[in-house]
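Each chain, written out:
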Amino acid sequence: MSEAAELDVTPSPEPVIPVRDEDEHLNPDFIAAVEAAIGGDDRGALKELAGDLHEADTGDLLETLNADERAAFIRLLGDEFDYTALTETDEAVRLQVLEDLPNEVIAEGLEDLDSDDAVYILEDLDEDDQAAILEELPYADRAQLKKALDYPEESAGRRMQSEFIAVAPFWTVGQTIDYMREARDLPDSFYEIYVLDPAFKLLGSVHLDKILRTKRAEKVTSIMEETRQAVLATEDQEEVARRFERYNLVSSAVVDENERLVGVLTVDDIVDVIQEEAEEDLRALAGVGDEEISDTVVTIARSRLAWLVVNLGTAILASVVIALFEDTIEAMVALAVLMPIVASMGGNAGTQTMTVAVRGIATQELGARNLLRVLNREILVSAVNGVALALLIGITAWLWFASPGLGVVIAGSIIINMLFAGFSGLLIPIALDRLNVDPAIASSVFVTTVTDVVGFFAFLGIAALWFGLPF
């Protein structure tokens, strides 16, 4: 046998199963292989499949697995499981995983995380569970995490990373570089070095590129920039995210009420905040609260029921208006056929304006300075669209019921309701915001009520007057 033939008999490695398919969803074959490894208690196969996964992929995988498979998955991976993956899962999945794991195992996993990730994992637990897990941590880590958890929810203090690099103002560039080379407890990634006075108050910061381009003998204060965008630890995370967006920040110092440096916010944390806030507003507009895709039937039903009850109340109010014109509708049945059109068009137009208004309030683009201009614009838009739709539905109603008068009635009521839709869609969110009520949550109920009531009243009232029908 030739040497070439001998080489041909060497077994080729088994093909690796892709983690994601062409649509960027988790590959069903990969999921099946992972589930088979878990079911067979095959640690080696599972580590080969999922040991080197990115935390985002691991988070998606945890959400896909059954509840009873998740703890086994973490147990089999052992030290190779990255607890950062829990920051990539829904809250319901994260809490279920934490409930199924012993406190000492959770504490061991949190020790290797940045403080901001550890806080993110712990903050949704109740105080007793938090305390039990913190007790398993070394004193320094426990004190650091407890301090962060003491800050308000959704504040900069909850999102900040407590690990940072700070130097004294008399240090030179050379000393700073030597320190970074020799220190073992540096953050995994950082963009700035902070300069502090003896009281730990923030004096300024130095970007890493300046450190690398400056001679060793120079003092850091000579290349230091005053920190103009320092964030207060108690500041709301949405306000901080807006500041990052406005000033194109990559990182920002976080200080306490005494201007002492307590942590650092980086852009990767802010991206998560922006996504969370956008999703929160979107869910609020639909009345589904903080619902997650992995929530149980009971949790989802309870979350949605409250706003459905409110909507029921507003629907009853619209029905009361219809009942006022009971005799009118009996005298002309065509009115009952066309009524939903008027209310529906007004509701859709109001929702369009309301969505723009809520977003403008959230981004602080809509306020007292431009309210009148935006209101005039929305009324003009509503008038233009109202006239166009009035002509379309008016002609349709005329041909449908062979009644020119009916076309005029519905055309007039469409214009009136469209104007009220534009007016209420803008002013209701602003009024709610002034009353410290989240406009994303409450606006849709009130706007829909206004367009339904006005639409029914205008249509039936005009019809009664035009045709001389009884009220």
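Keep in mind the model is a prediction, meaning the values are calculated, not measured.

Asks: What am I meant to see in the pattern of salt bridges here?
Replies: Side chains that carry opposite charge are capable of pairing whenever their charged atoms lie near each other. Under the defined criterion, the tally for this structure stands at 17 salt bridges. We note a salt bridge from Arg260 to Asp256, for which the minimum N-O separation is 3.0 Å. You can call Arg260 partly exposed: its relative accessible area is 34%.

Asks: Would you explain the packing of helix α21 (residues 404-434) against helix α22 (residues 439-467) in this entry?
Replies: In helix packing, the relevant descriptors are the interaxial angle and the interaxial distance, both defined with respect to the helix axes. For the pair α21 and α22, the least separation of the axes is 8 Å and the interaxial angle reads 155 degrees. Relative to α22, α21 is oriented roughly antiparallel. By crossing handedness, the relation of α21 to α22 is classed as right-handed. Across the contact of α21 with α22, the residue classes tally to 22 nonpolar, 9 polar and 1 charged.

Asks: Just to check I follow, could you spell out a nonpolar patch on the surface for this structure?
Replies: Side chains of Leu312, Ile316, Val320, Leu324 and Phe457 sit close together on the surface and give an oily, nonpolar patch of about 500 Å² of accessible area. Considering every element that reaches the nonpolar patch, the biggest residue donor is helix α17 (residues 297-324), with 4 residues. Here Phe457 shows up in helix α22.

Asks: Got a minute to help me understand the packing of aromatic side chains in this structure?
Replies: Note on aromatic pairs: each is described by the distance of the centres and the angle between the planes. Going through the model one piece at a time under the given rule, you end up with 5 aromatic pairs. Centre to centre, the rings of Phe81 and Tyr83 are 4.9 Å apart; their planes meet at 80 degrees, and the pair counts as edge-to-face. Taking relative accessible area as the criterion, Phe81 reaches 5% and is therefore assigned buried. Seen in terms of ring centroids, Trp171 and Tyr179 are 5.7 Å apart; in terms of plane orientation they differ by 75 degrees. Their pairing is edge-to-face.

Asks: Even after reading the chapter, I still don't get the nonpolar core, so can you show me in this structure?
Replies: A general trend in soluble globular proteins is that nonpolar side chains are found buried together. Within the largest apolar cluster, 41 residues are counted, with the highest numbers of intra-cluster contacts made by Leu46, Leu61, Phe73 and Phe81. Take this core: its biggest share by element is 6 residues, from helix α5 (residues 67-77). With residues near it in sequence (within four places) discarded, Leu46 still touches Val34, Ala37, Ile38, Gly51, Phe73, Leu76 and Leu77. Leu335, Met339, Ile414 and Phe456 belong to the second-largest nonpolar core, a separate cluster that totals 27 residues.

What counts and how
- Residues numbered from 1 in each chain as written.
- Predicted model: local features only at pLDDT ≥ 70, side-chain atom pairs only at ≥ 80, totals over all residues.
- Heavy atoms only, no water.
- Salt bridge = Lys/Arg side-chain N within 4 Å of Asp/Glu carboxyl O.
- Buried < 20%, exposed > 50% of the residue type's maximum accessible area, 1.4 Å probe, protein only.
- Axes fitted to C-alpha atoms, helices over the stretch in contact; angles between N-to-C directions.
- Helix = DSSP H or I, 4+ residues; strand = E, 2+ residues; numbered from the N terminus.
- Parallel < 35°, antiparallel > 145°, perpendicular 65-115°, else oblique.
- Left-handed = near helix turned anticlockwise from the far one by under 90°.
- Nonpolar A, V, L, I, M, F, W, Y, C, P; charged D, E, K, R; others polar.
- Patch = residues over 30% accessible without salt bridge, like charges linked within 9 Å, V, L, I, M, F, W, Y side chains within 5 Å.
- Areas by Shrake-Rupley, 256 points an atom, 1.4 Å probe, with all protein chains shown as cover.
- Phe/Tyr/Trp six-rings, centres within 6.5 Å; stacked < 30°, edge-to-face > 60°.
- Core = buried A, V, L, I, M, F, W, Y, C linked by side-chain atoms within 4.5 Å.
- Contact = heavy atoms within 4.5 Å.

These figures capture arrangement, not role.
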